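Geometric and topological summary
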Amino acid sequence: MADDGLDYSDIWELYGLSENPFSTNPLLVRGGIIPITCFIGRGNELVRINKQFRSKGGSRTMIVGDVGVGKTSFVNYARYLAKEKYFSPIKEIHVQETWNSEDFLTNSLFAILNTLTIEGNTGWLDKDTLKQVESVAMLNRISAVGGGLTATVIGGNYNQETSNPANIPFMALEDLFVSVVNQIYDKQHKETIIHYNNLENLQEKSVKRIFENLRNTFQTSHVHFVFIGNLVVDGIIQSIPRVSSIFSEHITLETMTLSEITEILETRLEKMKISENIIKPYENKVLEKLYELYKGNIRDILNSLSTAVTSATFDKPILLTEDTLSIVLREVVEKRFLANLSPKAKEILRIILDAKKGEITNKSLAELTKVSRSNVSAYIHQELEKYGCVHLKRKNGKDKFWAVRPEIRWMLLNPVPTDVRQTLIHPFPNK
Ligand SMILES: Nc1ncnc2c1ncn2[C@@H]1O[C@H](COP(=O)(O)OP(=O)(O)OP(=O)(O)O)[C@@H](O)[C@H]1O
Ligand SMILES: [Mg+2]
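All of these numbers come straight from a predicted model, not from anything done at the bench. (Residues numbered from 1 in each chain as written. Chains lettered and ligands numbered in written order. Predicted model: local features only at pLDDT ≥ 70, side-chain atom pairs only at ≥ 80, totals over all residues. Heavy atoms only, no water.)

**Examining the overall build of the protein**
Stated formally: We count a stretch as a helix when DSSP gives it H or I for four or more residues in a row; a strand needs E for two or more, and each element gets its number in order from the N terminus. Whether two residues touch is decided by their heavy atoms; if any such pair falls within 4.5 Å, the residues are in contact. The method behind every accessible area is Shrake-Rupley, applied with a 1.4 Å probe, and residues are considered shielded solely by the protein chains displayed.
When helices and strands are tallied, the protein shows 15 helices and eight strands. The long-range fraction of contacts in the protein, counting pairs at least 24 apart against all pairs at least 6 apart in sequence, stands at 75%. When the accessible area of the protein is evaluated, it comes to approximately 20700 Å², of which 49% is carbon and sulfur surface.

**Remarks on the sheet that holds strand β2 (residues 93-94)**
The following threshold applies: Two strands are counted as paired when DSSP detects at least two bridges linking them. Working convention: axes come from line fits to C-alpha atoms, limited for helices to the stretch in contact. Angles between N-to-C directions cover 0 to 180 degrees.
The strand order across the open sheet built from five strands is β2-β3-β4-β1-β5, with neighbouring strands paired in parallel fashion. What marks the edges here is a single partner per strand, and that holds for β2 and β5 (249-252). In this structure, strand β1 (residues 58-64) lies alongside β5, joined through four bridges in parallel fashion. Considered in β5, the bridge of Ile-63 is made with Ile-251. Packing against the sheet, helix α1 (residues 43-54) makes contact with β1, β3 (192-197), β4 (223-229) and β5, and its axis sits at approximately 160 degrees to β5.

**A few points about the nonpolar core**
Using the following cut-off: Think of a nonpolar core as a cluster: buried Ala, Val, Leu, Ile, Met, Phe, Trp, Tyr and Cys residues, connected wherever their side-chain atoms sit within 4.5 Å. Exposure categories follow from relative accessible area, calculated using a 1.4 Å probe and restricted to protein chains: below 20% of the type maximum is buried, above 50% is exposed, and the middle band is partly exposed. For the purposes of this description, domain bounds are those given by an automatic or database domain assignment.
One finds Leu-305, Leu-349 and Leu-384 to be the most contacted residues of the largest nonpolar core, which totals 80 residues. The element best represented in this core is helix α11 (residues 298-312), accounting for seven residues. Here this core spans two domains, and each of domain 1 (1-17 + 283-431) and domain 2 (42-252) adds at least three residues to it. Discounting chain neighbours no more than four positions away, the residues touching Leu-349 are Leu-338, Leu-341, Leu-384, Cys-389, Val-390, Val-404, Ile-408 and Met-411. In terms of nonpolar packing, the next biggest core, distinct from the first, is built from 45 residues, Trp-99, Leu-105, Val-181 and Ile-210 among them.

**Notes on the confidence of the model for the protein**
Rules: The pLDDT value tells you how sure the predictor is about a given residue, anywhere from 0 up to 100.
This prediction gives the protein a mean pLDDT of 89; 90% of its residues lie at or above 70. This stretch, residues 145-163, has a pLDDT under 50; its non-local contacts, to residues over four places away or in other chains, come to 33 contacts.

**Considerations on α11**
Spelled out, the test is: One less than the number of residues in a helix, times 1.5 Å, gives the span that helix is expected to have. N or O atoms closer than or at 3.5 Å make up a polar contact, with two conditions inside protein: a donor-capable atom paired with an acceptor-capable one, and, for residues adjacent in sequence, both atoms drawn from side chains.
Between its first and last C-alpha, α11 extends 21 Å over 15 residues, near the 21 Å set by a 1.5 Å rise per residue. Residues of α11 that are buried include every one of Ile-298, Asp-300, Ile-301, Leu-302, Ser-304, Leu-305, Ser-306, Thr-307, Ala-308, Val-309, Ser-311 and Ala-312, and no others. Looking at the buried residues of α11, the elements they touch are α9 (258-271), α10 (284-293) and α12 (322-336). Here α11 starts with a cap whose side-chain oxygen sits 3.0 Å from the backbone nitrogen of Arg-299, and that cap is Asn-297.

**Focus on the site of ligand 1**
Counted only if it meets this: Nearness is defined per residue: one heavy atom within 4 Å of the molecule or strand is enough. We call Asp, Glu, Lys and Arg charged. Ala, Val, Leu, Ile, Met, Phe, Trp, Tyr, Cys and Pro are nonpolar, and the rest, Gly among them, are polar.
Around ligand 1, a shell composed of 23 residues is seen, among which Asn-25, Ile-40, Lys-71, Thr-72 and Ser-73 lie nearest. Between ligand 1 and Ile-40 there is a distance of 2.8 Å, counted from a nitrogen atom to a backbone nitrogen or oxygen. At the level of elements, α2 (71-81), α9 and α11 are the ones that each hand at least two residues to the shell around ligand 1. A breakdown of the residues in the shell around ligand 1 according to their chemical character gives eleven nonpolar, eight polar and four charged. Taken together, domain 1 (1-17 + 283-431) and domain 2 (42-252) each give at least three residues to the shell around ligand 1, which thus spans both.

**Some words on α1**
Structural remark: α-helix, 3.6 residues per turn; residues separated by three or four positions point the same way. Convention followed: An arc is given here, and it is the one of the directions from the helix axis to the C-beta atoms.
In this model, α1 (twelve residues) spans 16 Å end to end at C-alpha, consistent with the 16 Å of a helix rising 1.5 Å per residue. Those residues of α1 lying buried are Glu-45, Leu-46, Ile-49, Gln-52 and Phe-53. For α1, the buried positions fall inside an angular range of 120 degrees around the axis, keeping them on one side. Turned more than 90 degrees off the buried face of α1, the exposed positions are Asn-44, Lys-51 and Arg-54.

**Notes on empty space enclosed by the protein**
Stated formally: In this analysis the probe radius is 1.4 Å and the grid spacing 1 Å, with only protein atoms considered; a cavity is a set of points the probe fits into but cannot get out of, a pocket is an open set with protein on both sides within 12 Å along at least five of seven lines, and lining residues have an atom within 4 Å of a point. Grid points are joined across faces, edges and corners, and a volume is the space filled by probe spheres set on the points.
Here the structure, examined in full by the defined rule, presents one cavity of 30 Å³ or more. Size it by volume and the largest cavity reaches roughly 30 Å³. Along the walls of the largest cavity sit Phe-104, Leu-105, Ser-108, Phe-177, Tyr-196, Leu-214, Thr-217, Phe-218 and Phe-225, which together make up its complete lining. The element that contributes the greatest number of residues to the lining of the largest cavity is helix α3 (residues 101-118), accounting for three residues. Class assignment of the residues belonging to the lining of the largest cavity gives a composition of seven nonpolar, two polar and no charged.

**Points about the pattern of salt bridges**
So the rule is basically this: Here a salt bridge means any side-chain nitrogen of Lys or Arg lying within 4 Å of a carboxyl oxygen belonging to Asp or Glu.
Counted under the stated rule, the structure contains 15 salt bridges. Two residues, Glu-84 and Lys-83, come together in a salt bridge whose shortest N-O distance is 3.6 Å. On the basis of relative accessibility, which here comes to 34%, the residue Lys-83 falls in the partly exposed class. In this structure, Glu-347 and Lys-344 form a salt bridge, with 3.2 Å as the shortest nitrogen-oxygen distance. Of the two residues, Glu-347 and Lys-344 both sit in helix α13 (residues 343-354), three residues apart, roughly one turn of that helix. For Glu-347, a relative accessible area of 35% puts it in the partly exposed group. Relative accessible area serves as the criterion here: at 25%, Lys-344 is assigned to the partly exposed category.

**Focus: the packing of α13 against helix α14 (residues 362-369)**
This is how it is decided: In what follows, roughly perpendicular refers to angles from 65 to 115 degrees, roughly parallel to angles under 35, roughly antiparallel to angles over 145, and oblique to any angle outside these ranges. By definition, turning the near helix anticlockwise from the far helix through less than a right angle yields a left-handed crossing, and turning it clockwise yields a right-handed one.
At a minimum axis distance of 11 Å, the contact between α13 and α14 shows a crossing angle of 120 degrees. In this view, α13 runs oblique relative to α14, as classed from their interaxial angle. Considering how the two elements wind past one another, α13 and α14 form a crossing that is right-handed. Contacts between α13 and α14 involve Lys-344, Glu-347, Ile-348, Ile-351 and Ile-352 on the former and, on the latter, Leu-365, Leu-368 and Thr-369. For the contact of α13 with α14, the class distribution of residues is five nonpolar, one polar and two charged.

**A closer look at the packing of aromatic side chains**
Put simply, the rule is: Centre distance within 6.5 Å is the pairing criterion for rings of Phe, Tyr and Trp, where only the six-membered ring of Trp is used; planes under 30 degrees apart are then read as stacked, over 60 as edge-to-face, and the remainder as tilted. A ring is scored as having a charge over it whenever the NZ atom of a lysine or the CZ atom of an arginine sits within 6 Å of its centre and within 35 degrees of its normal.
A full pass over the atoms with the stated rule returns 20 aromatic pairs. Each ring, one from Phe-39 and one from Tyr-77, has its centre 4.2 Å from the other, and the planes form 10 degrees; the classification is stacked. With Phe-39 in the segment before α1 and Tyr-77 in helix α2, the pair connects residues that are 38 residues apart, well separated along the chain. Looking at Tyr-77, the relative accessible area reads 15%, which means it is buried. Within the aromatic cluster, the residues linked to one another by ring pairs are Trp-99, Phe-104, Phe-177, Tyr-196, Phe-211, Phe-218, Phe-225, Phe-227 and Phe-247. Over the ring of Phe-401 we find Arg-394, and its NZ or CZ is 3.8 Å from the ring centre.

Here it is in structure tokens:
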């Protein structure tokens, strides 16, 4: 089976498709591998976010949801729908673990300049403002590659060695930001939408500090701030009334329904076809099975389909049925993960996999396996974590809660007795 790290991207031609229809990449405003028009559902949520964009003056929306439910794609689609009437940096701003308030501002300015430049719209800004933004952006870019540097920008000499990207006083950056969005509004009558992705990358104390410091900036007129995060970061924000009170909308994204996921895949196949007919690589029953295995998480469902089809396709198209899906994915999990592990590590992994609520502490693992806590830790760090089988889900005081990586759940697919194993090759005609 093709589990050797080679590139099988061209296998999609066998199915009459231009690209991998199971790609887990988010939908992008300007179209990536998957056309943005493959977006399905979320009707109510789109109405709510659109209401914020239409509320003249500015807004702050928090989008919350589990890993891989479709947060980035949702906001990108909302920005895509708004693209004629609003200005928005094309690419969402990816919040980094090390960021402070200055980084938030410099990266916002960088993103704005980048899009103005690509679209040939730098003329929307006054010459002076443009120059200032360019210096901030240039320093930001240098610091992204090289670390600290010395800078002399905006009204004076700030010659301190620093790792602050632009080495510009916070207030000057705030003023510059306000000035930029105001000029875009005054000259083009466009309000700005800024999309910050993955706030959960920040440490708890950074979240608090950044939102306290930027409380005023986030209330700048004519700017619609959209923040994406998980439940943890949302909880942190909710715990500071001074900060949570500035949010004008809070949207929780739930998992998609099975029929929505079925429709998403049908739409992708339709939009990515390169010939009259395509050969569909899966039966719909397979979607039901994966939906159940992953409680509806679309990212995990797509990743399973992608792995199954790419691993099993060589020079002929295949068809995933419930049985063939199990055969292929169980074989992948065995080769990719389990083959690396000692028997004891495998035993521990199985317990983590079967744990209630999908998580378990070192302490419970030690009790259940009768292995000392320090040995449990060693198995986890030296084998399970090292080979990507488990991850630390959360900490509570001294307790560490471990959970399996989504791929490990392939172990739960039904074993198929050898005598009923059917061929994987697609039995034409379709269905
Ligand atoms: N409403 C939708 N319509 C069509 N496809 C979707 C939709 N929502 C999500 N997807 C697809 O599901 C996958 C996961 O979506 P996305 O990356 O947006 O999730 P996320 O919540 O931002 O994930 P993460 O927590 O990792 O940031 C992507 O491939 C995306 O194209
Ligand atoms: Mg995302």
